[in-house]
Amino acid sequence: MNKNKETYGRAKIIPVFLPNQGCPNRCIFCNQKEVVGTSLIHTPREVYPLIQAYLNTIRTSWQKKWPGFSERIEVAFYGGNFTGLPAEVQQEFLRPAARLVSEGQIDGLRISTRPDYISEAGLELLASFGVKTVEVGVQSMDEEVLKRAGRLYSGHQVTRAVELLRGGGFIIGVHLMVGLPGEGPASRSETIEKVIKLSPHFVRIHPTLVLKGTELERMYREGNYRPMSLDEAVEVCKEFSLRLMRSRIGVARIGLQSVPQMQESESVIAGPFHPALGELVASSIAYERMEELLSRQQSGRLEGGNKRQIMILVPERELSMFIGHKRQNLNRLRQKYCGWQICIQPDQSLKPGELRCVEIISAPV
Ligand code: SF4
C-alpha cells in the first residue's frame, strides 16, 4: 500500500449507500435519500451482486480507457452512520464485501460513521471483517455549531474517536462541513486548526447545501439561514485545502458528488452547489501560486522601459487548471500585471504541482 499520507483518500470507490441507516436522529442539513436516490438503498443480500455489477463496469469501461489501470478499488458503505447499526446488521453487510476482498476482486473496505459511535468493541468488529478505512463525519469542531446542526457530541469525543482509530491501525478520513448555521471565521479557524492537530490521513470538505425536505430548508425559507455564495465557498475551501496541504494532509474531495437524481428532483434548494467545485478550488489555488511567483518576479530585475514577457510553465496535465475556467486565471493575471505580456505554457518535464516562471528577454534589434 502507498504510505504517502496525501494519497490515502484516493481509490476507485464502489459505493453501497445505506441512506440514513444507523443515524440516531436526522441532522438539520441531511437528506441522504435526496442526495443518492431512493433506488440506491441496499439490503445485505444485494451487496454481493451490486459490487459484481460495478466490477464488470470497471473491467469493461475503466480498463478500456486506461489500459494500465491499477488503482485500488474499495467498497464503501456510505450515506448513513454505519457503526450505529446493530452489530449483527453490520456483519450482514460486511460479510459479502469481505468475501470479495478475500477473493482478490477488491482491495479493501471502508465505512462512514459519526465520532460518537466509535468504540473499541465496534472497531474490533470492523477490523475482523478487514475494514481498513473509517471516514468520520466530524463536520465542525465548534460545539455550538454542532448543537445547532443536531449533532450532539463534543470536541473531546472527536479526539477520542480519532485516537481509537489510530490505535486500531485504521486509515482515518475526516469529513468537514463549511457554512453551517452559527459558523463564522473564528469557528472555522478553530475547526481547521483542531482537525490539523488530529492529523487524519485525509479530509473531505463539503460546503453546506440546503436540501429539499430538511430542517435547514425550513430555516432557509423562514429567513433564518443564509447559505454561502459559491465564491465564499470556493474561498473557504481553498483556505482549508491550503492549510491541510501544508500539513501534508490529503484533501480527498471538495463538495458533494453530483448524481443525476439531484438535478432531476431539484434536491438542492439553495447553497453553493457546483458539479466541479473541487476544480474551481484547485484553479483558485493555481491562480494564487502563479500570482505569488509573479510578485517575486516583480521585486526582481526590471527592464528599463521594456514590456516584460513572462512565460509560466506548468505540468502538461494541469494546463487547463492553471489557465482557469474561461481563461479566468490568465485574464486576472494579465489585468493585474497590465504592463506585461504573460502566457501559460505546458512543460512535459514538470511533475504535478510544479511550476516555473521564465522571463523572455528580447534581443536588441
Ligand atoms: S449527516 Fe450523517 S449522522 Fe446525520 S443524519 Fe445524515 S447520515 Fe445520519
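Residues numbered from 1 in each chain as written. Predicted model: local features only at pLDDT ≥ 70, side-chain atom pairs only at ≥ 80, totals over all residues. Heavy atoms only, no water.

Caption draft 1: Broad picture of helix α7 (residues 185–198). Across its 14 residues, α7 extends 20 Å between first and last C-alpha, which sits within 8% of the 20 Å expected from 1.5 Å per residue. Within α7, the full set of buried residues consists of Ser 187, Arg 188, Thr 191, Ile 192, Val 195 and Leu 198. The arc that holds the buried residues of α7, viewed along the axis, is 130°, so those residues lie on one side. Of the exposed residues in α7, the ones pointing more than 90 degrees away from its buried face are Pro 185, Ala 186 and Lys 197. Where α7 is buried, its residues contact α5 (143–148), α6 (155–167), β5 (171–178), β6 (202–207) and α9 (230–246). Taken from the residues just after α7, Ser 199 is the one with a positive phi, measuring 55°. (Helix = DSSP H or I, 4+ residues; strand = E, 2+ residues; numbered from the N terminus. Expected span 1.5 Å × (residues − 1). Buried < 20%, exposed > 50% of the residue type's maximum accessible area, 1.4 Å probe, protein only. Arc of directions from axis to C-beta. Contact = heavy atoms within 4.5 Å.)

Caption draft 2: Seen up close, the packing of α7 against α9. The contact between α7 and α9 brings their axes to 10 Å, and the two run at 25°. The angle between α7 and α9 places the two elements in the roughly parallel class. In this structure, α7 crosses over α9, and the sense of that crossing is right-handed. Between α7, through Arg 188, Ser 189, Ile 192, Glu 193 and Ile 196, and α9, the contact on the second element is made entirely by Val 236, Phe 240, Arg 243 and Leu 244. Broken down by class, the residue content of the contact of α7 with α9 amounts to five nonpolar, one polar and three charged. (Axes fitted to C-alpha atoms, helices over the stretch in contact; angles between N-to-C directions. Parallel < 35°, antiparallel > 145°, perpendicular 65-115°, else oblique. Left-handed = near helix turned anticlockwise from the far one by under 90°. Nonpolar A, V, L, I, M, F, W, Y, C, P; charged D, E, K, R; others polar.)

Caption draft 3: Layout of the state of the cysteines. All chains considered together, the criterion is met by zero disulfides. Cysteine Cys 343 is unpaired, with the sulfur of Cys 357 as its nearest cysteine sulfur at 9.7 Å. Judged by its relative accessible area of 21%, Cys 343 falls in the partly exposed class. (Disulfide = S-S within 2.5 Å.)

Caption draft 4: Inspection of the environment of Met 177 at higher detail. With respect to the element layout, Met 177 can be found in strand β5. What makes Met 177 buried here is its relative accessible area of 10%.

Caption draft 5: Highlighting the nonpolar core. By size, the foremost hydrophobic cluster in this structure holds 62 residues, and its most contacted members are Phe 77 and Leu 126. Here this core gets seven residues from one element, more than from any other, and that element is α9. When sequence neighbours within four positions are dropped, the list of residues in contact with Leu 126 reads Phe 82, Thr 83, Gln 90, Leu 94, Ile 111, Val 131, Val 134 and Phe 170. Membership of the second largest hydrophobic core comes to 18 residues, among which are Ala 286, Tyr 287, Ile 312 and Cys 357. (Core = buried A, V, L, I, M, F, W, Y, C linked by side-chain atoms within 4.5 Å.)

Caption draft 6: How the structure looks around the site of the ligand. Close to the ligand lie Asn 20, Cys 23, Asn 25, Arg 26, Cys 27, Phe 29, Cys 30, Gly 79, Gly 80, Arg 114 and Arg 151. Grouping the amino acids of the shell around the ligand by side-chain chemistry returns four nonpolar, four polar and three charged. (Near = heavy atom within 4 Å.)

Caption draft 7: A look at the side chain of Thr 133. Positionally, Thr 133 belongs in strand β4 (residues 131–139). Those residues in contact with Thr 133 that lie beyond four places of it in its chain are Glu 74, Leu 109, Arg 110, Ile 111, Ile 171 and Phe 202.

Caption draft 8: Geometry of the pairing of β5. For β5, the tally of buried residues reaches eight of eight residues, placing the bulk of the element in the interior. Alternating positions in β5 separate into two faces, Ile 171, Gly 173, His 175 and Met 177 on one and Ile 172, Val 174, Leu 176 and Val 178 on the other, with burial throughout. What joins β5 to β6 is α7, and the crossover it makes is right-handed. (Right-handed = clockwise from strand over helix to strand, strands pointing away.)

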